[in-house]
Amino acid sequence: MFRNLFITALLVGGALVTLTVYGNVKKSAQEVSVRENLYEKYGGYPTVMKLANDLGNALLVDPITAPYFGVVGTPGHVTPDRLLSCLDLQLVSLLGGPTVYPGRSKFRNAPPEGYQCLSMRKIHKGLNISEEAWNRFLMIAVDVLKANGVEQHDIHQIAPILIGMKEDVVGL
């Protein structure tokens, strides 16, 4: 419990510093890329694919987040490839790469027209994600980023964007 609060405090503390420097929580990934293209810095799509795999696996084994991420077979996430493809699209966008989320993803065995990835609000509607699950997601995301060599300074650039998604995820 203390570890969770500590990690969340670090993430939120870093986000507040980032917000002071960069402004509004609702900055888009494209605006972040103007400051620094983390997508290129960390190796492009191969890194994104590893981040998505690691994040997906960590969320599925965690007892608090697993019930919310075991959505394969539900509308919007018919197959594991589709779910991970949309997560890839979101991570590429988040890191300042050449995609926009929501949108069409052509990653992970997508059909020629791609997978249509829905907005965070639409895809999470009806899941009633708890505050506890949201906080756990943030902790896991930071752990995955760190484990994959993302520097703390760069996590501080990503944090406000993640935190800004909360209203489109929690309690819908």
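Just so it is clear, the structure is predicted and the values come from calculations on it, not from any experiment. (Residues numbered from 1 in each chain as written. Predicted model: local features only at pLDDT ≥ 70, side-chain atom pairs only at ≥ 80, totals over all residues. Heavy atoms only, no water.)

**Q** Would you mind going over the pattern of salt bridges with me for this structure?
**A** Side-chain pairs of opposite charge can arise whenever the charged atoms involved come near each other. Summed over the entire model, instances satisfying the criterion amount to seven salt bridges. Two residues, E151 and K41, come together in a salt bridge whose shortest N-O distance is 3.2 Å. Taken together, the residues E151 in the loop between α8 (131-147) and α9 (152-164) and K41 in helix α3 (residues 38-41) connect sequence positions 110 residues apart. Look at E151 and you get partly exposed, because its relative accessible area is 43%. K166 serves as the salt-bridge partner of E131, at 2.3 Å between the closest nitrogen and oxygen. Here E131 is found in helix α8, whereas its partner K166 is found in the segment after α9, with 35 residues between them in sequence. E131 sits in the partly exposed class, given a relative accessible area of 38%. (Salt bridge = Lys/Arg side-chain N within 4 Å of Asp/Glu carboxyl O. Helix = DSSP H or I, 4+ residues; strand = E, 2+ residues; numbered from the N terminus. Buried < 20%, exposed > 50% of the residue type's maximum accessible area, 1.4 Å probe, protein only.)

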